[in-house]
Amino acid sequence: MTVKVLGLSGSPHRHGNTETLLDAFLDGAGEAGGETEKVILKDLSYTPCRGCNACHKDGVCVVTDDAITLIDRIFTVDCLAVSSPIYTMGITAELKGLIDRAQYIWARKFILKNLFFTNEHIANHKGIFISTAGLSWDNVFDAAFPAVTAFFNTLGFEYYDNIIANDMDRYKGIRGHPSALNNAREKGRKVIRVLESSRDATDYQ
Amino acid sequence: MKVLAFSGSPRRGGNSETLLDWVLSAMGKEEGVVIEKIPLTEANVNPCRGCNACETLNRCVQRDGMDVLHDKIIDADCIILAAPIFCMGICAQAKALIDRFQVFRSRKFVLKLPVVPPERKGKRLGIFLSTAGQNWDHVFQGAVPSVKCFFHVIDVRDKDIHYLMVNGVDEKGAILAHPTAREDAERLGREVIAELRKRLEQ
């Protein structure tokens, strides 16, 4: 079966550095035989989590909007590439808004305990974080990782890799970066091979 | 002395807002303190569009609640941000406000213009209040770097940011049972006003 890859673009503007890096990753995955799809978060209609904790009782979000449809869709793919530029040392409010909405899945796992992902399931579902930052600081992505980690953990994806490039201001954008786009394309090809072989291993067992 | 407080939580009257209310009520008992509290649920602050227009225009192209908040942010002597941790980061509503401070960042670092008048520079204080359901020590680590930027770009120095972050409180009202939170919040409120008074009299 074809490996399905879903890319989420969390940037408020189209075809910027982060989305271009995501595109390179998706192109690589497509070249290796993956079925790729890209969702632009800003084109969806969803509100951030209200923190009402209603989902802690029944595992259902009281808000029905595009966030729920998207999370349903995430559960149908093998590889999830989550992308956001770094704004003010963190991910964008658009992506954070989506991540917070996965609380009802977290509630199913940890409060209601009616959802469980096996280690095999997690190994066969790879999560990749894609990001760019204007600043050159080495630590510029550090504050983004915890929320992304929480998102992948909640949804049963292994946090497999980062595709990140800082210092965009100096490179005058991602196309001026010496290796980032090629690296992303190669990582796209690689994740398809890895998922195919890990699935073969699971089938064999 | 003007205190401007943002309550970033989507849940009104929850743990982080209660913590804020304790700080504010202690401040309110001091003489000459004018407090304004803005719940972000009512503030109509949209996320930053990342258009970078503020780097040349020195203002934001969006017309929303920030139009009103902009001058209040500059005028305040103490700015408080209260927000809960959701999924290991600051809640999206507060992140949207933080990102909209890009206009101040552009003013300060790109256009090299003053954010506050020179005589008020180095006198402002900031407070970050937060609560988290998890009791892990590192639960606030993802939020703090963004909060530092939030204050730095409006001329609140790193050493002038005060933090009170309480973990292990999840359900609404859980903070009421916390052994020290209320006392810590009230003390912080008094201390910050005392420090501010000292600075403004200089």
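Residues numbered from 1 in each chain as written. Chains lettered and ligands numbered in written order. Predicted model: local features only at pLDDT ≥ 70, side-chain atom pairs only at ≥ 80, totals over all residues.

(A) Focus on the overall build of chain B. Each helix and strand in chain B was counted, giving seven helices and six strands. Secondary structure of chain B in N-to-C order comes out as β-α-β-α-α-β-β-α-α-β-α-β-α. For 202 residues, the compact-globule estimate of 2.2 N^0.38 gives 17 Å, and the C-alpha radius of gyration of chain B, at 16 Å, lies within 12% of that figure. Judged by the C-alpha coordinates and their principal axes, chain B covers about 50 × 40 × 30 Å. The proportion of buried residues among the 202 residues of chain B is 45%. A separation threshold of at least 6 residues defines the contact pool for chain B, and within that pool the share at least 24 residues apart is 81%. (Helix = DSSP H or I, 4+ residues; strand = E, 2+ residues; numbered from the N terminus. Rg over C-alpha atoms; globule rule 2.2 N^0.38 Å. Buried ≥ 20, exposed ≤ 12 C-beta atoms within 10 Å, placed from the backbone. Contact = placed C-beta atoms within 7 Å.)

(B) Representation of the overall build of chain A in the model. A tally of helices and strands in chain A yields nine helices and five strands. Reading chain A from its N terminus to its C terminus gives the helix and strand order β-α-β-α-α-β-α-α-α-β-α-β-α-α. Against the 2.2 N^0.38 benchmark of 17 Å for 205 residues, chain A shows a C-alpha radius of gyration of 17 Å, consistent with a compact globule. By its C-alpha atoms, chain A is 50 × 45 × 30 Å across when sized along the principal axes. Residues counted as buried form 49% of the 205 residues belonging to chain A.

(C) Geometry of the environment of D167 of chain A. Looking at the element boundaries, D167 of chain A is found in the loop between β5 (158-165) and α8 (168-171). Counting along the chain gives 31 residues from D167 of chain A to S136 of chain A, while the straight-line C-alpha distance between them is 4.0 Å.

(D) Structural view of the interface of chain A and chain B. Contact residues are listed per partner, giving 28 residues for chain A and 29 residues for chain B. Of all the secondary structure elements, the ones that give two or more residues to the side of chain A that touches chain B are α4 (93-101) and α7 (145-155) of chain A. Counting residues per element, the side of chain A that touches chain B draws most heavily on α4 of chain A, which supplies six residues. For the side of chain A that touches chain B, the per-class residue count stands at 14 nonpolar, nine polar and five charged. (Nonpolar A, V, L, I, M, F, W, Y, C, P; charged D, E, K, R; others polar.)

(E) Structural view of helix α4 (residues 92-100) of chain B. When you tally the buried positions in α4 of chain B, you get nine out of nine residues, the bulk of the element. Where α4 of chain B is concerned, the buried positions are A92, Q93, A94, K95, A96, L97, I98, D99 and R100 of chain B.

(F) Up close: the pairing of strand β5 (residues 125-131) of chain B. All names here are of chain B. The buried count for β5 comes to seven of seven residues, which makes it a mostly enclosed element. Residues L125, I127, L129 and T131 of β5 are buried on one face, and the alternating residues G126, F128 and S130, pointing to the opposite face, are buried as well. Pairing of strand β3 (residues 78-86) with β5, which is carried by seven bridges, proceeds in the parallel orientation. Counted as the bridge partner of I80 is I127 from β5. Both β5 and strand β6 (residues 161-166) contribute to a ladder of six bridges, which runs parallel. Of the residues in β6, the one forming a bridge with G126 is I161. Crossover connection from β5 via helix α6 (residues 144-152) to parallel β6: handedness right-handed. (Pairing = 2+ DSSP bridges. Right-handed = clockwise from strand over helix to strand, strands pointing away.)

(G) Up close: the sheet that holds β5 of chain A. Residues and elements named next belong to chain A. Sheet architecture is open: five strands sit in the order β2-β1-β3-β4-β5, paired in parallel fashion. Taken across any chain shown, the strands that pair with only one partner, and hence form the sheet edges, are β2 (35-40) and β5. Across the sheet, the mean angle separating the axes of adjacent strands is 15° when strand polarity is ignored. Of the pairings in the sheet, the one linking strand β3 (residues 79-83) to strand β4 (residues 126-132) comprises five bridges and is parallel in character. (Axes fitted to C-alpha atoms, helices over the stretch in contact; angles between N-to-C directions.)

(H) Layout of the packing of α4 of chain A against α4 of chain B. Between α4 of chain A and α4 of chain B, whose axes approach to 8 Å, the crossing angle comes to 175°. Compared by their axis directions, α4 of chain A and α4 of chain B come out roughly antiparallel. Where α4 of chain A abuts α4 of chain B, its residues A93, K96, G97 and D100 of chain A lie against A92, K95, A96 and D99 of chain B. By residue class, the composition of the contact of α4 of chain A with α4 of chain B is three nonpolar, one polar and four charged. (Parallel < 35°, antiparallel > 145°, perpendicular 65-115°, else oblique.)

(I) View of the nonpolar core. Counting 123 residues, the largest nonpolar core has L21 of chain A together with L19, V23 and I80 of chain B as its most contacted members. At eight residues, the largest contribution of residues to this core is made by β3 of chain B. When sequence neighbours within four positions are dropped, the list of residues in contact with L19 of chain B reads A82, L129, T131, L164, V166, I175, A181 and A185 of chain B. (Core = buried A, V, L, I, M, F, W, Y, C linked by C-beta atoms within 7 Å.)

(J) Just the environment of W106 of chain A, in detail. All names here are of chain A. Counting through the fold element by element, W106 comes out in helix α5 (residues 103-110). With 19 C-beta atoms counted inside 10 Å, the residue W106 sits in the partly exposed group. Separated by 59 residues in sequence, W106 and T47 place their C-alpha atoms 18 Å apart.

(K) Representation of the packing of helix α1 (residues 15-28) of chain B against helix α7 (residues 181-201) of chain B in the model. Residues and elements named next belong to chain B. At a minimum axis separation of 7 Å, α1 and α7 run at an interaxial angle of 45°. When the axis of α1 is compared with that of α7, the two are oblique. Read as a crossing pair, α1 and α7 show a hand that is right-handed. Contacts between α1 and α7 involve L19, W22, V23, L24, A26 and M27 from the first element and A181, R182, A185, E186, L188, G189, R190 and I193 from the second. Among the residues making up the contact of α1 with α7, the classes are represented as 10 nonpolar, one polar and three charged. (Left-handed = near helix turned anticlockwise from the far one by under 90°.)

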